[in-house]
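Overview (structure and organization)
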6 protein chains.
Amino acid sequence: MTMPRHDPGVTADLLIEALPYIRKFSNAIMVIKYGGNALAGSDEASALASFAQDIVLLQAVGIKPVVVHGGGPQIAEMLARVGKTSEFQDGLRVTDAETLDLAQMVLIGKVNSDIVAALNVHGPLAVGLSGVDANLITADLRDEKLGFVGDVAAVDPTILLRLVSQGIVPVIATIGSDEGGQTYNINADTVAGAVASALNAEKLIFLTDVPGVRREVDDPGSVIAQTTADELEALVASGAANGGMIPKLEACVDAVRGGVERAHILDGTTPHALLVELFTDGGVGTMVVDA
Amino acid sequence: MTMPRHDPGVTADLLIEALPYIRKFSNAIMVIKYGGNALAGSDEASALASFAQDIVLLQAVGIKPVVVHGGGPQIAEMLARVGKTSEFQDGLRVTDAETLDLAQMVLIGKVNSDIVAALNVHGPLAVGLSGVDANLITADLRDEKLGFVGDVAAVDPTILLRLVSQGIVPVIATIGSDEGGQTYNINADTVAGAVASALNAEKLIFLTDVPGVRREVDDPGSVIAQTTADELEALVASGAANGGMIPKLEACVDAVRGGVERAHILDGTTPHALLVELFTDGGVGTMVVDA
Amino acid sequence: MTMPRHDPGVTADLLIEALPYIRKFSNAIMVIKYGGNALAGSDEASALASFAQDIVLLQAVGIKPVVVHGGGPQIAEMLARVGKTSEFQDGLRVTDAETLDLAQMVLIGKVNSDIVAALNVHGPLAVGLSGVDANLITADLRDEKLGFVGDVAAVDPTILLRLVSQGIVPVIATIGSDEGGQTYNINADTVAGAVASALNAEKLIFLTDVPGVRREVDDPGSVIAQTTADELEALVASGAANGGMIPKLEACVDAVRGGVERAHILDGTTPHALLVELFTDGGVGTMVVDA
Amino acid sequence: MTMPRHDPGVTADLLIEALPYIRKFSNAIMVIKYGGNALAGSDEASALASFAQDIVLLQAVGIKPVVVHGGGPQIAEMLARVGKTSEFQDGLRVTDAETLDLAQMVLIGKVNSDIVAALNVHGPLAVGLSGVDANLITADLRDEKLGFVGDVAAVDPTILLRLVSQGIVPVIATIGSDEGGQTYNINADTVAGAVASALNAEKLIFLTDVPGVRREVDDPGSVIAQTTADELEALVASGAANGGMIPKLEACVDAVRGGVERAHILDGTTPHALLVELFTDGGVGTMVVDA
Amino acid sequence: MTMPRHDPGVTADLLIEALPYIRKFSNAIMVIKYGGNALAGSDEASALASFAQDIVLLQAVGIKPVVVHGGGPQIAEMLARVGKTSEFQDGLRVTDAETLDLAQMVLIGKVNSDIVAALNVHGPLAVGLSGVDANLITADLRDEKLGFVGDVAAVDPTILLRLVSQGIVPVIATIGSDEGGQTYNINADTVAGAVASALNAEKLIFLTDVPGVRREVDDPGSVIAQTTADELEALVASGAANGGMIPKLEACVDAVRGGVERAHILDGTTPHALLVELFTDGGVGTMVVDA
Amino acid sequence: MTMPRHDPGVTADLLIEALPYIRKFSNAIMVIKYGGNALAGSDEASALASFAQDIVLLQAVGIKPVVVHGGGPQIAEMLARVGKTSEFQDGLRVTDAETLDLAQMVLIGKVNSDIVAALNVHGPLAVGLSGVDANLITADLRDEKLGFVGDVAAVDPTILLRLVSQGIVPVIATIGSDEGGQTYNINADTVAGAVASALNAEKLIFLTDVPGVRREVDDPGSVIAQTTADELEALVASGAANGGMIPKLEACVDAVRGGVERAHILDGTTPHALLVELFTDGGVGTMVVDA
């Protein structure tokens, strides 16, 4: 018998707190957006391993996680490597054919593969997909000036539902294609929201590198614990949200209005923040509900 | 956002510790012997409510609990009420027809009903059974001198398997019957062991009022953390076990030899000892394995 | 070759008469109320064995019987044994906590167990239930003056449907509980009617000790062969029904209005009256239809 | 209430006798050979209607009847009509191509159709088949001298099992075909036995115009109530069986040795002899068991 | 390696043409009317074998063919053989009881059996039915003056759907019966149309001995490639269709109005016209669509 | 009515030839290796579109294609683009970490994506996989001198079987990983053979740019139509096979010995060679059988 590492009273207390959530979330689909930033640091391997462990634990207790990832820093690195510079417009990279080709290779052939490999160290759990697979994401040209940057025209969740019903974790690179087979690069936050709506997910969770949404953009103490779609929309309209946060907030608004129970914005750099959020009464970060 | 009541690091730690057990025990059948003593004290209602909460939590995370209960103190109380005295022989009550009748009414109509009612406050979760139902327990006369005291001749687990597959918790009163329909009172520890073997259960757990099995009967510090069927058998043979503990030890030995993975003897009077035992690395009480 | 005991022409005739009923009733749910009086006589064991044989035969030809039983005489006997007297009000026993406790023990632990045991001599066919099991019967307090006497607030037939679909005969003791787990004693005739409605049963059959409903309470020749809910209601309103018959008549009215095809009141003391009623063109006792 | 036409005691008695057989034979496949003679008399229509009623009743109580029929008299009549005479050899009609053609038309297009139509007056219950359908019966040439007279080379029961599982009564005309599609006329008794074996039937029943098998061919009082395959074989070898009975006896022997529980030879001209045989303790005619 | 018998370019071309039809028709029910004339010629056996090969190929690629056949010439031959002459009225044979008997024997016992046997040379593929089987076709008396000539009152497609779902090809002789079991002879073209409607078939195909429907009855060059129900109706009304063609045209009109996608009238004497029609862009004969 | 483009006789002939193959291959799994060379030419887009059309047709007629692809020329192009040169040893590229990274991006993010996109123009038919997904291919280090070049240690076909059972065409990039998550580049011919064996495929088909295997390496007229595993093994041992052909021949040998019915080496540059091979009696290229 190993000595218990924690006080039995605290242990019992936490179990009684956690078990009802485990029951509640059994079979719940949760879409988790994993940011490219988290993968780009010096500590990349261990951060990825810790994320993989959390996803495996969720899956072990009957939750059906769906991972959506970005890869901005990794694309930038590849462009630099081949000596190609990019123009940005409204925070979106202008994507010519060569850039699209490289972005696609980095997102699908590198970032997606790395996440799948980190999960599959634990068993045959994950399968990587892009929006091209089984026509998961049909894309529209957003704006000719931006080149091959796409909007989500439609999500066909069939392949996702089949995979999660077989205990597989889909990991999605956010490349979509139109009916002629032309591919587009799409904002990963937007895809995460659209996928969560299409799956009628229980939760949409953004793992970012900030502790939540601030009421005042410059005041770290103004993180909002719980808010509604309406309030978030007002926040974006007021200009009080910065560039990278805007698509996340819009995705949260669309998702909870589209049938997702709750959306969350957490600090994914705190180890296991995902577990603490899901299985304790006191959440972390910002939670968004519909009304 | 409620403040977390416990340190997030400890919380994450305990979750990472508990989740693999929850995964491991998903769909596992566990036979839990709940002693009549636990129900007889002044604090009866709250002890029963706490036990019911634990069983409901187990069921919520996919475990399939089967409860077996005794009722010695309650039978004694009823016999006193109608002014009937009993003779005991080798620790077993001599059971004439009138005693059997009263024992049956107390066990099935009172103790069993109370446990079922306590569980069903949480929903339509439990169904009470005796060994007579669907011929669950076929009994043999143990010894003519003991009257209607039975041994377990056979357990037909069909009804139990059907109920647990439907998410129902069977609660078993230990009255059995022979082929002619004559009923017998059977030792509840023995029934728990036989039921666990017949179900090929993952675990057999005795909730008693002592912290485990002692190597020296008079030394509270000699509680054994882990032992084997062979060692327990030697312990019984050596006379180092007291009366009420003997049928528990024999049931543990029979169960682990009959295919049950592990048997446990815990102090059921410590609140939620069952949860701490099941979901942390450091167990409590005595664990018995086969070899 | 044994000699046929009956004339082959009569035999063929009866078979041709019975077989269409057997076909018609295949898979039909029938709720059979078995009165406590039938169990209380000197001939108790043989009456019970004969009843058990009939139920087993019904089940053998594909009918799904559900048995509801009372136990008035047995409760009275137990109360006498512990020296407790009861007050009655409007034909209903005033039930204090002690009386409830004893009634529950007698109904669940004695009468129910005896019926189940008599059926299970023929195989693992029957399972005893009370209204507490799987929250089968939710009860309301009827009237504070009557103590723990309940009305049927709701019947959840899930557990019954599962058991009958597995070839099990449920045998129901008429104790129900409220949401807080408090139990109540409920009139067995009322429960039989409510269970029949909840199951949308083909038939509700009362096995009593009289040959049917009389048009004139004192005229044995005035037994009604077939009647309607409206006529029965008028009969009760007119005062022409005696005390013990009233809840039966009300249960018949409610059942046929609640979707039960036919309700019957038969003399259960005539051996095998149940079989003759079900499988021949000429019925026995009183049959009630909706309009 | 109609007056019961029979004494209630006798009625209960017969029901208690019949119900266990009904239970026992639920889902049992029974192959019933219906002789062409039964169809040829002046009373043909009413005999056929009575037979159809019995088959419908069997099917109604869960038995799965399979009917095999002959048509000797009807073929003879047709041959006479077109002015064709036949030669017989060892009791078997020598069958040239024209005779085969006419036999096939009579058996499939007339006798089979009439039986199916009589059954289907009661609902869409029966489907007529010949051995050609779904290659049910593969035939071999018996003997060149006999022309297109076949032996059973193989029975493929697939189509029969599908039909009976759908509640359909197959009615089989005993024409078979070889691999090249050439058809043959086959003895109907032989086919009945082979079909019963291929189906692993519970019973093979010959409805003939005699009360059973006689130990002494000329002694009506020597009808055998129960016998074994070995004894029947000896009876045939001893020459004590007449021509038309021999293929029946051989079919009985082969069937019980091939896995059929019991074979029966009954007088089908006694109305409803089939029902009396199946559902009472005292059988009629001759019963054959394996050892 | 065998030398390819055809130019690989042509081969690839035809495959690319045929494969989409094979995909499209997978699981499609097609009702094929096979005329008695096709079976009556000197070349009968080889025409039947070629037809059987086509049906087997359809079935092999997942189409569900249902064959309906006539037998006029064969009935006429049989009537001649027994020296019976028939009267015709409006192109319909007056059918007395004896004629009906003979027609039934010829259609069910001869023509149907021959088609089934030709198909089953390829395996246990086909089962012969008449409208009597499982009450497939309920018939009405058409006109007392015509004797036992029936109209289709109702088609119960249950048995057909079961057989085709098991990979069986039903072959239907067009004898129907009324509720009393009286049989009638029914026009085979009419039955084919009614069966196609009842099955909601993809196609109804008439294999005739003419190349299609002529706009001018005497002008072989006026064959219509594609037409509508309305146009066909006008054609019949105008008197521009000859006797035998009228019931075919009416059946086409009823079928496409009753939910059948397309009806076709082909020259069944061109070998494999059925395959060329189904699997190439250029059809043969006349195609009928609804509007 | 369109005019038939081909002679109806030839058309019928080819259909009768093709239909049995379509029947035979219904539900058959076929592993098709599509070479990177085919994708590298000036005509890349149209070659890929033609290949995609063939795969879609196979899938349409019930075949279950699994595509394995290489990408040598595309990897070489990428390496040149970033200014990296490679060393080769025994015809295998020496693969350092940077080369592996780029190879992975090209194979998974570019070639695989392009094939999937070309297929999915026809509907949601294809899903791209690498050996990392669901641990499809576990790899071993081949030889330290070659860097991250892997051998196939194991193939887990579970994810492939699930996808093909859902009508999805898996497209496999030949990157595998070991248990620690390290990825390796693996020869695509070898992977194709191992996948075919693991799937117990009906066929393994190499689409190359040569017309088949030559008996004499320099004699274009010596292409072998049909051969055995033993003969191929001798051919390789004799040195009569050139470098790029060797892994194909070894994969054919291993596959047919591992349970694959037939392996084929075809000239994939002839349009629709795949269709002509599969659906006509005269094949193209070289066919390999086991013994």
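Each chain carries its own residue numbering, running from 1 in the direction its sequence is written. Labels are handed out in written order, letters beginning with A for the chains and numbers beginning with 1 for the ligands. Residue-level local features of this predicted model are given only where pLDDT is at least 70; pairs of side-chain atoms are given and counted only at 80 or more, and the full residue set underlies all totals for whole chains, interfaces and linings. As a rule here, side-chain values come from all non-hydrogen atoms in the structure, and water together with hydrogens is ignored.

With that settled, the discussion passes to the relation of the copies chain E and chain F. Least-squares fitting of chain E to chain F yields an RMSD of 0.0 Å, with the transformation described by 0.0 Å of translation along the axis and a rotation of 180°. Each copy turns onto its partner about a two-fold axis. Note on contacts: a residue pair qualifies if any of its non-hydrogen atoms lie within 4.5 Å across the two residues. Comparing interface residues between copies, 97% of those in chain E also lie at the interface in chain F; the contact surface is shared. A least-squares superposition brings the copies together, and it is based on the C-alpha atoms of residues with pLDDT no lower than 70 in both.

The subject of this paragraph is the interface of chain F and chain A. The figure often quoted for interface size is the accessible area lost as the parts come together. Listed per partner, the contact involves 36 residues of chain F and 36 residues of chain A. Here the quantity called buried area is the total loss of accessible area, with a 1.4 Å probe, experienced by two parts when brought into contact, counted for both. In this assembly, chain F packs against chain A so that about 3000 Å² is buried in total across both faces, 55% of it on carbon and sulfur atoms. For chain F, the biggest contributors to the area lost against chain A are F:Arg81, F:Met105 and F:Gln166; these three give 19% of the whole. Salt bridges are counted wherever a side-chain nitrogen of Lys or Arg sits within 4 Å of a carboxyl oxygen of Asp or Glu. Taken together, the connections running from chain F to chain A amount to four salt bridges. As a salt-bridge pair, A:Asp101 and F:Lys110 come within 3.0 Å of each other at their nearest N and O atoms. Between N or O atoms, a polar contact is any pair within 3.5 Å; within protein, one atom must be a potential hydrogen donor and the other a potential acceptor, and residues adjacent in sequence are included only when both atoms are from side chains. Remark: the boundary between chain F and chain A carries 16 residue pairs in polar contact (both at pLDDT 80 or more). Helix and strand definitions here come from DSSP, where helices need a minimum of 4 consecutive H or I residues and strands a minimum of 2 consecutive E residues; each element is numbered from the N-terminal end. The set of elements that each furnish at least two residues to the side of chain F that touches chain A consists of α3 (72-81), α4 (97-120), β5 (126-130) and α5 (158-165) of chain F. Ranked by the residues each element gives to the side of chain F that touches chain A, the list is headed by α4(F), at 14 residues. Broken down by class, the residue content of the side of chain F that touches chain A amounts to 18 nonpolar, 10 polar and eight charged. Three classes are used: nonpolar for Ala, Val, Leu, Ile, Met, Phe, Trp, Tyr, Cys and Pro, charged for Asp, Glu, Lys and Arg, and polar for all others, with Gly counted as polar.

Turning our attention to the sheet that holds strand β5 (residues 126-130) of chain C. Backbone hydrogen bonds are what pair the strands of a sheet, in a parallel or an antiparallel way. Residues and elements named next belong to chain C. By this definition, two strands are paired if DSSP reports at least two bridges between them. An order of β5-β8-β2-β1-β11-β13-β14-β12 is seen for the eight strands of this open sheet, with the pairing classed as mixed. Edge positions in the sheet fall to β5 and β12 (226-228), since each of these pairs with one other strand and no more. The average undirected angle you get between the axes of adjacent strands in this sheet is 20°. With five bridges connecting them, strand β1 (residues 29-34) and strand β11 (residues 203-208) associate as parallel partners. The residue of β11 that forms the bridge with Val-31 is Leu-204. Only the stretch in contact is used when fitting a helix axis, every axis being a line fitted to C-alpha atoms; angles between N-to-C directions are given from 0 to 180 degrees.

Before going further, it helps to spend a moment on the pattern of salt bridges. Residue and element names in this part refer to chain E. Scanning the model with the defined rule gives 60 salt bridges over all chains in all. Where Asp-96 meets Lys-84, a salt bridge forms, and the shortest distance between an N and an O atom there is 2.8 Å. Linking Asp-96 in the loop between β4 (92-93) and α5 (97-120) with Lys-84 in the loop between α4 (72-81) and β3 (88-89), this pair joins segments that are 12 residues apart in sequence.

Our focus in this paragraph is the side chain of D:Asn185. Mapped onto the secondary structure, D:Asn185 falls in strand β10 (residues 183-185). When sequence neighbours within four positions are dropped, the list of residues in contact with D:Asn185 reads D:Ile75, D:Leu100, D:Ala103, D:Leu107, D:Phe148, D:Val149, D:Gly150, D:Thr174 and D:Ile175.

We now examine the pairing of strand β1 (residues 29-34) of chain A. Residue and element names in this part refer to chain A. Throughout this description, buried means an accessible area under 20% of the type-specific maximum (1.4 Å probe, protein chains only), exposed means over 50%, and partly exposed covers the range between. Most of β1 is tucked away: six of the six residues are buried. Every second residue of β1 is oriented toward a common face, with Ile-29, Val-31 and Lys-33 on one face and Met-30, Ile-32 and Tyr-34 on the other, all of them buried. Sheet analysis places β1 next to strand β2 (residues 64-69), joined by six bridges and oriented parallel. Along β2, the bridge assignment pairs Ile-29 with Lys-64.

With that out of the way, let us pick up the interface of chain E and chain F. Taken together, the contact between chain E and chain F spans 35 residues of the former and 34 residues of the latter. Summed over both sides, the interface between chain E and chain F buries roughly 3200 Å², with carbon and sulfur atoms accounting for 74% of that surface. The interface formed by chain E and chain F holds zero residue pairs in polar contact (both at pLDDT 80 or more) in total. Sorting the residues of the side of chain E that touches chain F by element identifies α1 (8-25), α3 (44-60) and α10 (273-279) of chain E as the ones contributing at least two each. For the side of chain E that touches chain F, the element with the highest residue contribution is α1(E), accounting for 14 residues. Across the side of chain E that touches chain F, the residue classes break down as 21 nonpolar, nine polar and five charged.

Expressed as a screw transformation, the operator carrying chain F onto chain A has a rotation angle of 180° and an axial translation of 0.0 Å, and the superposed copies differ by an RMSD of 0.0 Å. A shared binding surface is used by both copies, with 100% of the interface residues of chain F retained as interface residues in chain A.

The next thing to look at is the packing of helix α4 (residues 72-81) of chain A against helix α5 (residues 97-120) of chain A. All names here are of chain A. In the contact formed by α4 and α5, the axes pass within 9 Å of each other and the chain directions differ by 125°. Here α4 is positioned oblique relative to α5, judged by the angle of their axes. Crossing hand, α4 versus α5: right-handed. In this structure, α4 uses Gln-74, Ile-75, Met-78 and Leu-79 to contact α5, whose residues at the interface are Thr-99, Leu-102, Ala-103, Val-106, Leu-107 and Val-111. Taken together, the residues of the contact of α4 with α5 break down into eight nonpolar, two polar and no charged. The cut-offs work like this: below 35 degrees is roughly parallel, past 145 is roughly antiparallel, 65 to 115 is roughly perpendicular, and the gaps in between are oblique. Throughout, a crossing is termed right-handed when the near helix is turned clockwise from the far one, and left-handed when it is turned anticlockwise from it by less than a right angle.

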